[in-house]
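Geometric and topological summary
So the chains spell out like this:
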Amino acid sequence: MDSASDEQSSSCSSRQTDSRAILQELRSEFDGIRFASYRCAAKLRFIQKRTNLHLIDIWNVIEAFRENGLNTLEPQTAVNSSRLDTLLTSLYLALNKRLPLQHQINLDAAVNTVLSFLLTTYDLDDVGSVRVFSIKIAMATLCSGKITDKLRYVFSQISDGNGQLASRRFSEYLREVQALPAAVFESPTFSFSDDAARLIFPSTTVNVNDFLETMLSEAGPECLAWLPLLHRMATVETVYHSVQCAACEKSGFTGFKYRCERCNAYQLCQDCFWRGQTSGAHTLQHPMKELITPKSPTGPLGRSLRGSFRCVPERRDQAELPRYPPRPEKTLNLMHIVPSRLSQMERQVDEEHRLIARYSARLAAEKSQIRTPSDSGSAESRSRSQREMIAQLEAKNQEMMRQIARLRAGAPAASADAELVTELRALRQRRGELETHLSTLQDSRRQLMGQLDSLMKMLKSQQLSPVSGSMSLPRTSKSAPNTPGSTLRRAHRQNAAAQLDADMSALLDPFSPGEDPGWLGR
């Protein structure tokens, strides 16, 4: 007990040390930026890349929430550091599966860094836990993806059942998202205010389209000026400008480019402009225009930056936002769908197992009929091995039937709306188990088919052996007469072969290639 406690305290101390080192590096590198919105966005972009969250999409984050059960918890539920560590581990494990081997990330370092940052940001009382709502807002903000997709997810967390914005929840969202600038020492400029929610959305009826238009408008919320800028920084990081910076004289640079509207052909890179470096007759009071493309600035995205310490660029030619249904879509009643699909697959598996058992018995009977006295010893050994194989197949069949019965018993039926939500959540949690069972059944089916194919080849080879033997005999002037016994045996073999071909076609038909058990994830 003492060793576990010492190990936990040592781990916490190590995470705090790493967090302090990252924050110290962050301050020394970005505190020289003059404009608060750019300074805050640059610091959070640094956190994004240090934690590798810029490689994880918003949809991967949402899926990780569902896999770890956060979608079933109340927003105010506290999640301890152990469960939070499990969530982050599953998130980065899934990321490593998508990355090539040469680009694999250090799993422990990434998890510890994010965990340390979240605890430093939201666990102000040092109790070792973070609220579910805080985790969702922080991860949805710092991961990669389109800003519209992120804001749609945020709206789903702060809206009511009618698809309208809940003012109290929006105020909580502002409190949680403003904790991120505070964690990187930007709280004097971007801090939470009790009146912010009412000033941003004075109307009481705000749907998802109104929410997106306000949050992404040119005159967006002042307290969130860093949020769209953070996504724009990620976009322009790889944009290369083949011009020379007038201040540092660097030939070619990436990121933002700034052009003076007074000085002729005077252009600065983002580092020089952000830190106030100038040259020649140019001064900091000259209006500057921000450019994000290396092309001619005839239609750039930006605005004139006049003597302001906030430097919040506008978007003149803003693309039209997509329109979404104002009311949330009704949740599908999967309890009526899943059992029906499951029962259909069960019937197909049952029929397949019955066919395999019948084929095995028929093969054993056929081999006993075509056996000759000369090879009675080898035939007995083959018959014994076939009986053992049939017993194994029957045992596998019984095990599969027991698994199907357990699967059938694990799909509860719901009649009331109140029970439906609980059962849907339980069904989602059992998704992985159901997929594993179905995969096992399909693997067993393939093994049984391979064994059946081997038995068919053995039967055909024994059927052809008497014919080849007769062809090797010397020809005589008179052919051997057809006795009644040989005619009956030949007709019996022909009928058995035709029946086997017909049953094989029926066996391969139940599972069509178009069916996919992926429906369990929807």
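As a reminder, the structure under discussion sits directly above these lines.
Model, not experiment: these values are computed from the prediction.

Criteria and cut-off values
Residues numbered from 1 in each chain as written. Predicted model: local features only at pLDDT ≥ 70, side-chain atom pairs only at ≥ 80, totals over all residues. Heavy atoms only, no water. Helix = DSSP H or I, 4+ residues; strand = E, 2+ residues; numbered from the N terminus. Buried < 20%, exposed > 50% of the residue type's maximum accessible area, 1.4 Å probe, protein only. Contact = heavy atoms within 4.5 Å. Areas by Shrake-Rupley, 256 points an atom, 1.4 Å probe, with all protein chains shown as cover. Phe/Tyr/Trp six-rings, centres within 6.5 Å; stacked < 30°, edge-to-face > 60°. Lys NZ or Arg CZ within 6 Å of the ring centre and 35° of its normal. Pairing = 2+ DSSP bridges. Disulfide = S-S within 2.5 Å. Axes fitted to C-alpha atoms, helices over the stretch in contact; angles between N-to-C directions. Parallel < 35°, antiparallel > 145°, perpendicular 65-115°, else oblique. Nonpolar A, V, L, I, M, F, W, Y, C, P; charged D, E, K, R; others polar. Core = buried A, V, L, I, M, F, W, Y, C linked by side-chain atoms within 4.5 Å. Salt bridge = Lys/Arg side-chain N within 4 Å of Asp/Glu carboxyl O. Arc of directions from axis to C-beta. Polar contact = N/O pair within 3.5 Å; in protein donor to acceptor, adjacent residues only side chain to side chain.

What follows deals with the overall build of the protein chain. The helix and strand inventory of the protein chain stands at 18 helices and eight strands. A burial count over the protein chain gives 40% of its 522 residues as buried. Excluding contacts between residues fewer than 6 apart, the proportion of contacts in the protein chain whose partners are at least 24 apart in sequence is 69%. Accessible surface computed for the protein chain: about 29000 Å², of which carbon and sulfur atoms make up 51%.

Another point: the packing of aromatic side chains. One pass over the structure, following the stated rule, counts 14 aromatic pairs. Plain terms: the ring middles of Phe-170 and Phe-201 are 5.1 Å apart, the flat faces sit at 75° to each other, and that makes the pair edge-to-face. Linking Phe-170 in helix H8 (residues 167-177) with Phe-201 in the loop between helix H10 (196-200) and helix H11 (208-215), this pair joins segments that are 31 residues apart in sequence. For Phe-170, a relative accessible area of 1% puts it in the buried group. You can call Phe-201 buried: its relative accessible area is 10%. Seen from their ring centres, Tyr-258 and Phe-273 are 4.1 Å apart, and the 20° between their planes marks the pair as stacked. Residue Tyr-258 is located in strand S5 (residues 257-260), and its partner Phe-273 is located in helix H13 (residues 270-274); the two are separated by 15 residues in the primary sequence. On the basis of relative accessible area, Phe-273 is assigned to the buried category, the value being 6%. Among the aromatic residues, those joined into a cluster by ring pairs are Phe-35, Tyr-38, Phe-256, Tyr-258, Phe-273 and Trp-274. Above the plane of the ring of Phe-273 lies Arg-34, whose end atom (NZ or CZ) is 5.5 Å from the centre.

Side chains Met-288 and Glu-290 of strand S7 (residues 288-291) all project onto a buried face; the interleaved residues Lys-289 and Leu-291 project onto the opposite face, where all are buried too. Inspection of the sheet shows S5 paired to S7 by four bridges, in the antiparallel sense. Residue Cys-260 lies in a different strand from S7, and its bridge partner there is Met-288.

On to the state of the cysteines, then. Overall, the coordinates contain zero disulfides when judged by the stated rule. Among the cysteines around Cys-263, which has no disulfide bond, Cys-260 carries the closest sulfur, lying 3.8 Å off.

This next bit is on the packing of helix H3 (residues 58-67) against helix H7 (residues 147-158). Where H3 meets H7, the axes come as close as 10 Å, and the angle between the chain directions of the two elements is 30°. When the interaxial angle is binned, H3 and H7 end up roughly parallel. Mapping the contact onto sequence places Ile-58, Trp-59, Ile-62 and Phe-65 in H3 and Asp-149, Lys-150 and Tyr-153 in H7. Residues that form the contact of H3 with H7 fall into these classes: five nonpolar, no polar and two charged.

Next up on the list: the nonpolar core. Note on soluble globular proteins: their nonpolar side chains tend to be buried together. Ranked by size, the top nonpolar core spans 99 residues in total, and within it Met-139, Phe-170, Tyr-173 and Phe-211 carry the most contacts. The contacts of Met-139, once residues within four sequence positions are left out, are Leu-53, Val-61, Phe-65, Leu-88, Leu-91, Val-114 and Leu-118.

What the rule picks out here adds up to 16 salt bridges. As a salt-bridge pair, Arg-39 and Glu-186 come within 2.8 Å of each other at their nearest N and O atoms. Here Glu-186 lies in the loop between helix H9 (179-183) and H10 and Arg-39 lies in helix H2 (residues 36-50), a separation of 147 residues in the sequence. A relative accessible area of 15% means that Arg-39 is categorised as buried.

With that settled, the discussion passes to the side chain of Thr-148. Checked against the element boundaries, Thr-148 lands in helix H7. Setting aside anything within four residues of it in sequence, one finds Thr-148 in contact with Leu-212, Leu-216 and Leu-321.

Let us now look at H3. All of the buried residues in H3 are Ile-58, Val-61, Ile-62, Ala-64 and Phe-65. Summarising the axial view, the buried residues of H3 lie within an arc of 160°, below the 170-degree limit, and thus occupy one face. Projecting away from the buried face of H3 at angles above 90 degrees are the exposed residues Arg-66 and Glu-67. Those residues of H3 that are buried are in contact with helix H4 (81-98), helix H6 (132-142) and H7. Measuring from the side-chain oxygen of the N-cap residue of H3 to the backbone nitrogen of Trp-59 gives 3.0 Å; that N-cap residue is Asp-57.

Looking now at the environment of Pro-221. Positionally, Pro-221 belongs in the loop between H11 and helix H12 (226-236). Owing to a relative accessible area of 10%, Pro-221 belongs among the buried residues under this scheme. Placed 20 residues apart in sequence, Pro-221 and Phe-201 show a C-alpha to C-alpha distance of 9.8 Å. Residue contacts for Pro-221: discarding those within four places in its chain leaves Ile-200, Thr-214 and Met-215.

The contact between H7 and H12 brings their axes to 11 Å, and the two run at 140°. Compared by their axis directions, H7 and H12 come out oblique. Mapping the contact onto sequence places Ile-147, Lys-150 and Leu-151 in H7 and Leu-227, Pro-228 and His-231 in H12.

Before going further, it helps to spend a moment on the environment of Tyr-266. Among the structural elements, Tyr-266 can be located in the loop between S5 and strand S6 (267-269). Note on Tyr-266: relative accessible area 8%, which makes it buried. Sequence spacing of Tyr-266 and Gln-244 is 22 residues, and the spatial spacing of their C-alpha atoms is 9.4 Å. Only 2.9 Å separates the side chain of Tyr-266 from the backbone nitrogen of Ser-279, close enough to count as a polar contact.

On to unusual backbone geometry. Residue Asn-52 is not a glycine yet carries a positive backbone phi of 65°. Positionally, Asn-52 belongs in the loop between H2 and H3. The buried category is assigned to Asn-52, whose relative accessible area is 17%. If you check the backbone angles, Asp-126 has positive phi at about 55° while not being a glycine. Mapped onto the elements of the fold, Asp-126 is located in the loop between helix H5 (107-122) and strand S2 (129-131). The class for Asp-126 is exposed, based on a relative accessible area of 59%.

Remember that the coordinates give geometry; whether it matters functionally is a separate question.
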